[in-house]
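Topology and contacts: notes
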Amino acid sequence: GLEEKIIAGRLGPRALLVTHGWVIKVICAHVLGLPWSNKLQSYPADLTSLHRLRRSGAVWSMTVRNDVAHLEGMDVRGRPGAG
């Protein structure tokens, strides 16, 4: 899978994954050691949010969570999921 390719260095030192919010929630739950449930509503994954994962040896950590700073100054009212 993707994790094995990243660990083996086949994707280089950095990889970008663009995916659906629920996939991000599954990955974040795994990295944070949270039990996964499709009812995990408490973990934020806003539309277009950025999450950064870092690996040190076999340990993954999250260094950026749900960052939406790139939307600052944009009028996102009225769009689905907009705050």
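For the structure, see preceding data.
Parameters at a glance
Residues numbered from 1 in each chain as written. Predicted model: local features only at pLDDT ≥ 70, side-chain atom pairs only at ≥ 80, totals over all residues. Heavy atoms only, no water. Phe/Tyr/Trp six-rings, centres within 6.5 Å; stacked < 30°, edge-to-face > 60°. Lys NZ or Arg CZ within 6 Å of the ring centre and 35° of its normal. Pairing = 2+ DSSP bridges. Helix = DSSP H or I, 4+ residues; strand = E, 2+ residues; numbered from the N terminus.

Structural notes on the packing of aromatic side chains
If you walk through the whole model with that rule in mind, you get zero aromatic pairs. Taking NZ or CZ as reference, K25 lies 4.7 Å from the ring centre of W22, over its face.

A closer look at the pairing of strand 2 (residues 59-67)
Both faces of the sheet carry side chains from a regular strand, because those side chains alternate between them. Pairing of strand 1 (residues 50-56) with strand 2 involves six bridges; the strand directions are antiparallel. Bridge assignment links L50 to a residue of strand 2, and that residue is D67. Here strand 1 hands over to strand 2 after two residues, with G57 in that stretch at a positive phi of 65 degrees.

Limitation: the analysis is restricted to geometry and does not speak to function.
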